[in-house]
Amino acid sequence: MRKYKIAVIPGDGIGVDVINEGLKILETAKELHGGFDFEYTHLPWGCEYYKKTGRMMPEDGLRILKDHEAIYLGAVGFPGVPDHVSLWGLLLPIRKEFDEYINLRPIKLLKGIQGPLRKGPEDIDFVVVRENVEGEYSGVGGLAYQGTASEIALQTNVFTRFGTERVMRYAFELARKRKKKLISATKSNALNYSMVFWDRVFNEVAKDYQDVQTQVMHVDALSGYFILHPERIDVVVASNLFGDILTDLGSAMQGSIGIAPGANINPERKYPSMFEPVHGSAPDVAGKGIANPIGAIWAASMMLDFLGVPEAAKLIFDAMEAVTEEGKYLTVDLGGNSTTQEVGEAIRNKMRELV
Ligand code: ATP
Ligand code: MG
């Protein structure tokens, strides 16, 4: 029997509640599908840990994680701990150290959910491939003449040929498996080095994928396109910063940030990949048991797909969508009054029905 080693980091706030439901779903998938098993390492890292130790994770945290095939993460961050501490203390080091250079974000309106646009589930179904380790988030820069009237802050974008080409190839391959349409998010009219280079690499790589229809759009115009013509979009490839902004816009189109999943992937499988709901720790709803677990459950489904059990992944997804379509068990953010646990239970029951 295939046994997958999963590191579980529930993190802070609602991260704990939603990962709890996600784990129960994984157990149900295992039971109904058969043929695979999990070995979990539960890691209580995050802001509580930081308050006790001054670190978001132990010094050898990355070494501990390295020994796993996947990381299942809730959310980190809590009032009193600055956002850049939680980000640079855990999330970004994991993405970088494990070369999770693909951030995969399905933007799909689930059946039964009323999004903010006058569009239906058949109109909103695309994927954003975000470059996840370099670009605008390379951490290169500096400050000069601090505290004077001449103060200067520099934040340098670093786009390597290696890093740019590989994310584009990944996006083209994905488009090939879908509707064969790929949009590149650029801003080469204003960013005359980085994005001109980005466009050039895109056009070069496109030559190897003549069967894929391509489009290059400035990120500002593309934002409007998301809202006006989502039905024309299949796959979008974007740099780290542009992808970050576009995917948050995308999650709003999905009706609630509580629904959106994200995968941080090392396609070569040399290191663990990480699966997480897109939302944060949401201190305002934490501890109330009302957080929407769908983002975390969808992320669990993506994890199973990545690990190589697509039928189990599909069972989770189909059950999840059947529950939203029925509309009987929805959390407050979707206009319902069910608890986190009730939604999780409804999805597990639906899995048993559908299998
Ligand atoms: P963090 O600082 O960790 O990013 P945040 O306060 O920014 O946390 P987010 O989770 O990013 O919170 O989302 C913003 C708001 O959306 C939350 O304050 C909460 O009201 C709502 N929200 C987010 N996730 C969920 C969820 N799973 N279920 C219900 N509401 C949610
Ligand atoms: Mg936030």
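Remember, predicted model here, so these are calculated numbers, not experimental data.

**Student:** What's the story with the environment of Leu246 in this structure? I'm lost.
**Tutor:** Looking at the secondary structure, you find Leu246 in helix α8 (residues 240-253). For Leu246, a count of 22 C-beta atoms within 10 Å gives the class buried. Remark: the alpha-carbon pair of Leu246 and Leu222, spanning 24 residues in sequence, is separated by 8.6 Å. Excluding its chain neighbours within four sequence positions, the residues that come into contact with Leu246 are Val128, Ala185, Leu222, Ser223, Val236 and Ala238.

**Student:** It is not clear to me how the packing of helix α10 (residues 310-326) against helix α11 (residues 340-354) should be interpreted in this structure. Could you clarify?
**Tutor:** The axes of two packed helices give the description: the angle between them and the distance between them. Packing of α10 against α11 leaves a shortest axis separation of 8 Å and a crossing angle of 115°. Where α10 crosses over α11, the two elements pack in a sense that is right-handed. Residues Leu315, Ile316, Asp318, Ala319, Met320, Ala322 and Val323 of α10 pack against Ala346, Ile347, Lys350, Met351 and Leu354 of α11.

**Student:** How should I be thinking about the domain arrangement of the protein in this particular structure?
**Tutor:** Here the domain parsing of the protein yields domain 1 (1-102 + 256-355) and domain 2 (116-253). Residue composition of the side of domain 1 that touches domain 2, by class: six nonpolar, one polar and four charged.

**Student:** What is the right way to read the site of ligand 1 from this model?
**Tutor:** Every one of the 18 residues lining ligand 1 counts as a neighbour, but Gly77, Gly258, His279, Gly280 and Asn292 are closest to it. When grouped by side-chain class, the residues that make up the shell around ligand 1 number eight nonpolar, eight polar and two charged.

Rules used in this analysis
Residues numbered from 1 in each chain as written. Chains lettered and ligands numbered in written order. Predicted model: local features only at pLDDT ≥ 70, side-chain atom pairs only at ≥ 80, totals over all residues. Helix = DSSP H or I, 4+ residues; strand = E, 2+ residues; numbered from the N terminus. Buried ≥ 20, exposed ≤ 12 C-beta atoms within 10 Å, placed from the backbone. Contact = placed C-beta atoms within 7 Å. Axes fitted to C-alpha atoms, helices over the stretch in contact; angles between N-to-C directions. Left-handed = near helix turned anticlockwise from the far one by under 90°. Domains from an automatic or database assignment. Nonpolar A, V, L, I, M, F, W, Y, C, P; charged D, E, K, R; others polar. Near = placed C-beta within 6 Å.

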